[in-house]
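# A structural walkthrough
The primary structure of each chain is shown beneath.
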Amino acid sequence: PAPPSKCIIRKVGYDELVALLGKPVGGDEAKAVLAKAGKVTYGKYHVQAYDAGFDIAMGAPTDGKTASRPLTVIFLYADGVSRHKAFADLPKPYLWGTRAQLLKVMPEPARGFTHAAGKKVKPLPLDDSEVYREEWRQGKLRLWAAYARGGRIEHYGVSSWART
């Protein structure tokens, strides 16, 4: 895990973020949760909370207005990745570390992707340095780990399993 000095004090919890999936970015629920994240930047496609360690992607607006855009994918970052501090409320057994450490505590991934070809494969050998992402299904959620070359976990993503 990231050293405590590199993690922020929990401002927004994992469960709070997951509850926002599918909700409009301008809705009261999203506003209340995002207000806990400190400084938040609203971009064209993402809501970014660098100090809280996450971004959330927005889908197409339902009525042509930005406020109606649904929150579709959550990205939880390790310290220093894409200018973020480490997200401090990872659900167990997820951790900040390496692919090898993660695979020791996780079930077999549902699918994986390699740097070499970008093709879906299932699963890849533990020592395969070309793996850049693996996915797990957790109920209705798809949760994935994205790795740097060498296997360090850079971020996790969370979305509905229906999304590809």
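This one's a predicted model, so the numbers in the text were calculated from it and none came from an experiment.

Reading the values: the criteria
- Residues numbered from 1 in each chain as written.
- Predicted model: local features only at pLDDT ≥ 70, side-chain atom pairs only at ≥ 80, totals over all residues.
- Heavy atoms only, no water.
- Helix = DSSP H or I, 4+ residues; strand = E, 2+ residues; numbered from the N terminus.
- Buried < 20%, exposed > 50% of the residue type's maximum accessible area, 1.4 Å probe, protein only.
- Contact = heavy atoms within 4.5 Å.
- Areas by Shrake-Rupley, 256 points an atom, 1.4 Å probe, with all protein chains shown as cover.
- Salt bridge = Lys/Arg side-chain N within 4 Å of Asp/Glu carboxyl O.
- Core = buried A, V, L, I, M, F, W, Y, C linked by side-chain atoms within 4.5 Å.
- Lys, Arg positive; Asp, Glu negative; His and termini not counted.
- Polar contact = N/O pair within 3.5 Å; in protein donor to acceptor, adjacent residues only side chain to side chain.
- Pairing = 2+ DSSP bridges.

## Considering the overall build of the protein
- Per the secondary structure count, the protein includes three helices and nine strands.
- In the protein, the succession of α and β elements from N to C terminus is α-α-β-β-β-β-α-β-β-β-β-β.
- Looking at the protein as a whole, 46% of its 164 residues are labelled buried.
- Of all intrachain contacts in the protein linking residues separated by at least 6 positions in sequence, the fraction that spans at least 24 positions is 45%.
- Carbon and sulfur atoms provide 55% of the accessible area of the protein, an area that totals close to 8600 Å².

## As for the pattern of salt bridges
- Applying the stated rule across the entire model yields seven salt bridges.
- Close ionic contact of Lys-36 with Glu-16 constitutes a salt bridge, the shortest N to O distance being 2.3 Å. Placement of the pair is Lys-36 in the loop between helix H2 (28-35) and strand E1 (41-42) and Glu-16 in helix H1 (residues 14-18), with a sequence separation of 20 residues.
- Exposure remark for Lys-36: the relative accessible area of 41% places this residue in the partly exposed category.
- A salt bridge links Arg-152 to Glu-154; the shortest N-O distance between them is 3.5 Å.
- When salt bridges with common partners are traced through the structure, they connect Arg-111, Arg-133, Glu-135 and Arg-142 into a single cluster.

## Quick word on the nonpolar core
- In terms of nonpolar packing, the biggest core is built from 43 residues, with Leu-17, Phe-54, Leu-76, Leu-102 and Tyr-156 touching the most fellow members.
- Taken together, the elements giving at least two residues each to this core come down to H1, H2, strand E2 (46-49), strand E3 (54-58), strand E4 (71-77), strand E7 (131-138), strand E8 (141-147) and strand E9 (153-160).
- When residues of this core are assigned to their parent elements, the largest contribution, six residues, is made by E4.

## Looking at the environment of Leu-76
- You can see Leu-76 is positioned in strand E4.
- Separated by 62 residues in the primary sequence, Leu-76 and Tyr-14 place their C-alpha atoms 9.0 Å from one another.
- Leu-76 has contacts with Tyr-14, Leu-17, Gly-53, Phe-54, Phe-87, Leu-90, Trp-96, Glu-154, His-155 and Tyr-156, leaving out every residue within four places of it along the chain.

## A closer look at the side chain of Asp-55
- As for its position among the elements, Asp-55 is in strand E3.
- Comment: no salt bridge for buried Asp-55; closest opposite-charge side chain is Arg-83, at 8.2 Å.
- A distance of 2.7 Å separates the side chain of Asp-55 from the side chain of His-84, its partner in a polar contact.

## Topic: the pairing of E4
- Of all seven residues making up E4, seven are buried, and the element is well covered by its neighbours.
- Bridge analysis of E3 against E4 gives five bridges, and the strand direction is antiparallel. The residue bridging Asp-55 from the neighbouring strand is Phe-75, located in E4.
- When E4 meets E9, the two strands line up antiparallel, connected through five bridges. Paired with Val-73 across the bridge in E9 is Ser-159.

## Overview of unusual backbone geometry
- Look at the link from Lys-92 to Pro-93: it is a cis peptide, with omega at 10°.
- Considering the arrangement of structural elements, one finds Pro-93 in the loop between E4 and helix H3 (99-105).
- With a phi close to 50°, Ser-82 is a non-glycine residue in the positive phi region.
- Looking at the secondary structure, you find Ser-82 in the loop between E4 and H3.

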